[in-house]
Amino acid sequence: MAITNLDPAPGVAAMQSFGIHAEAFGSNQTVIDKVLPEMMHLIDPYWYQFPPLNPLWHALLGFTISVLAFISITGNGMVVYIFSTTKSLKTPSNLLVVNLAFSDFLMMAMMAPPMVVNSYNETWVFGPTACQFYACFGSLFGCVSIWTMTAIAFDRYNVIVKGIAAKPMTINSALLRILGVWLFSLAWTLAPIFGWSRYVPEGNMTACGTDYLSKDWFSRSYIILYAIACYFLPLFLIVYSYWFIVQAVAAHERAMREQAKKMNVASLRSSEQANTSAECKLAKVALMTISLWFMAWTPYLVINFAGIFETSPISPLSTIWGSVFAKANAVYNPIVYGISHPKYRAALYQRFPALACQPSPAEETGSVASAATACTEEKPSA
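Residues numbered from 1 in each chain as written. Predicted model: local features only at pLDDT ≥ 70, side-chain atom pairs only at ≥ 80, totals over all residues. Heavy atoms only, no water.

1. As for empty space enclosed by the protein
Here's step 1: Evaluation of the coordinates by the stated rule reveals three cavities of 30 Å³ or more.
Here's step 2: In this structure, the largest cavity spans a volume of roughly 410 Å³.
Here's step 3: Forming the walls of the largest cavity are 26 residues, and the residues nearest its centre are Ser139, Tyr226, Trp297, Tyr300 and Asn304.
Here's step 4: For the lining of the largest cavity, the element with the highest residue contribution is helix 4 (residues 127-160), accounting for seven residues.
Here's step 5: When its volume is computed, the second largest cavity comes out at roughly 70 Å³.
Here's step 6: When residues of the lining of the second largest cavity are traced back to their parent elements, those giving at least two are strand 1 (199-201) and strand 2 (208-210).
Here's step 7: For the lining of the second largest cavity, the per-class residue count stands at six nonpolar, two polar and three charged. (1 Å grid on protein atoms, 1.4 Å probe; cavity = no way out; pocket = protein on both sides within 12 Å on 5 of 7 lines; lining within 4 Å. Points joined across faces, edges and corners; volume = space filled by probe spheres on them. Helix = DSSP H or I, 4+ residues; strand = E, 2+ residues; numbered from the N terminus. Nonpolar A, V, L, I, M, F, W, Y, C, P; charged D, E, K, R; others polar.)

2. Concerning helix 2 (residues 55-85)
Here's step 1: The first and last C-alpha atoms of helix 2 sit 45 Å apart over 31 residues, in line with the 45 Å expected at 1.5 Å per residue.
Here's step 2: Put simply, Asn54 is the residue that caps the front of helix 2, since its side-chain oxygen is 2.9 Å from the backbone nitrogen of Leu56. (Expected span 1.5 Å × (residues − 1). Polar contact = N/O pair within 3.5 Å; in protein donor to acceptor, adjacent residues only side chain to side chain.)

3. Observations regarding helix 4
Here's step 1: Compared with an ideal rise of 1.5 Å per residue, which puts 34 residues at 50 Å, helix 4 spans 50 Å between its outermost C-alpha atoms and is within 8% of the ideal.
Here's step 2: With 28 of 34 residues buried, helix 4 is to be regarded as a mostly interior element. (Buried < 20%, exposed > 50% of the residue type's maximum accessible area, 1.4 Å probe, protein only.)

4. Brief notes about a nonpolar patch on the surface
Here's step 1: Together, Trp57, Leu60, Phe63, Val67, Phe70 and Ile71 line one region of the surface with nonpolar side chains, adding up to about 600 Å² of accessible area.
Here's step 2: For Ile71, a relative accessible area of 40% corresponds to the partly exposed category. (Patch = residues over 30% accessible without salt bridge, like charges linked within 9 Å, V, L, I, M, F, W, Y side chains within 5 Å. Areas by Shrake-Rupley, 256 points an atom, 1.4 Å probe, with all protein chains shown as cover. Salt bridge = Lys/Arg side-chain N within 4 Å of Asp/Glu carboxyl O.)

5. Comments concerning the nonpolar core
Here's step 1: Membership of the largest hydrophobic core comes to 56 residues, with the highest contact counts inside it found for Ile32 and Trp47.
Here's step 2: Among the elements of the structure, helix 2, helix 3 (92-121), helix 4, helix 5 (171-190), strand 1, helix 6 (217-262), helix 7 (278-309) and helix 8 (316-339) are those that each provide at least two residues to this core.
Here's step 3: Residue contacts for Ile32: discarding those within four places in its chain leaves Met40, Ile43, Trp47, Tyr48 and Met205.
Here's step 4: By size, the runner-up hydrophobic cluster in this structure holds 38 residues, among which are Leu96, Ala151, Tyr332 and Leu348. (Core = buried A, V, L, I, M, F, W, Y, C linked by side-chain atoms within 4.5 Å. Contact = heavy atoms within 4.5 Å.)

6. Describing the UniProt feature "transmembrane region" (unreviewed entry) in the protein chain
Here's step 1: Within this structure's numbering, the places UniProt gives as "transmembrane region" (unreviewed entry) are residues 56-83, 95-112, 132-154, 174-196, 223-246 and 285-309.
Here's step 2: The annotated region residues 223-246 carries 100% helix and 0% strand content, and the separation between its end C-alpha atoms amounts to 33 Å. (UniProt positions renumbered as here; feature names shortened; annotations may be inferred.)

7. A look at the pattern of salt bridges
Here's step 1: Inspection of every chain in the model, using the stated rule, returns three salt bridges.
Here's step 2: Between Glu122 and Lys34 there is a salt bridge, with its nearest N and O atoms 2.8 Å apart. Residue Glu122 is located in the loop between helix 3 and helix 4, and its partner Lys34 is located in the loop between helix 1 (10-17) and helix 2; the two are separated by 88 residues in the primary sequence.
Here's step 3: The partner of Arg220 in a salt bridge is Glu310, with the nearest N and O atoms 3.5 Å apart. Highlighted residues: Arg220 in helix 6 and Glu310 in the loop between helix 7 and helix 8, separated in sequence by 90 residues.
Here's step 4: Taking the relative accessible area as the measure of exposure, Arg220 reaches 9% and is therefore buried.

In structure tokens, the structure reads:
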């Protein structure tokens, strides 16, 4: 039978028009074949060169997001519930912890279900408007989370470094900081909806995010400035705060040891049996906080910068796992900021014995410095 029609398929024609060759393992199929027609105007021509992802990747993505969502929603829900209903935990500093948990709770509660549904369908199925709001919410909750972590670092810096000279944070000042974080984040994340850059489907078409493939500098400027405002600046402030916190606690410990020598005693600390010094404990907490934050958001930043500066090729698979790493930040934040709190652990054990880690007697004692470091939330309000 003779072949009479030599016209290329629409996908191949589009690729040829942009100088891109099909590489679909011997077929003309591409990753955008299942995209809804009304979504096509949001798809960058760059993605036409990639074949469809193996369905196994979609299944793995959906399963991973489901597990992360369950852990995050449960963990952050516990933090919000216990901190909000336990009288001894209702302090100004703990409002920041509650805000962090609330933001992380919303991120997974609102973003995980659509991603699971899209993974099942192997493409975005909710239309362009939902795509815009999905990306906006993800960016909003991520920015709120980062800046809330910065506010917590500042609060610890204020208590530990400044000491008695510090002005105690009140309920009103904590609420004002939280409001400022949300308004600042909302301003940045609404900008693409109003025309400064835009939100588009990501590489494998099951999630939406910032448009880092646009070639005009008006759109690129948003990625750069947003990265400064919601990545580099808070990272610098967190590192700055913990650097001086560690120095202050180390100096306090040295002073205690010198005073103990003058008094001809082994130690002034009541927890001498503890085999880890206060400054080492603090250094580990600070290192863990910064490292987890850095690991969560750096892959997504690298993907965005690789797109706008065209430094390396980006595959659909790499984009979605960068997004998953960022969402995973909502999973371990409750561990860092909630479960490490002795009074929170005690309340958790009292209300949910099967889920809690009962604090040991050694954890309930320690030096003044280590106590202030571990739970600055016990600071009296003005």
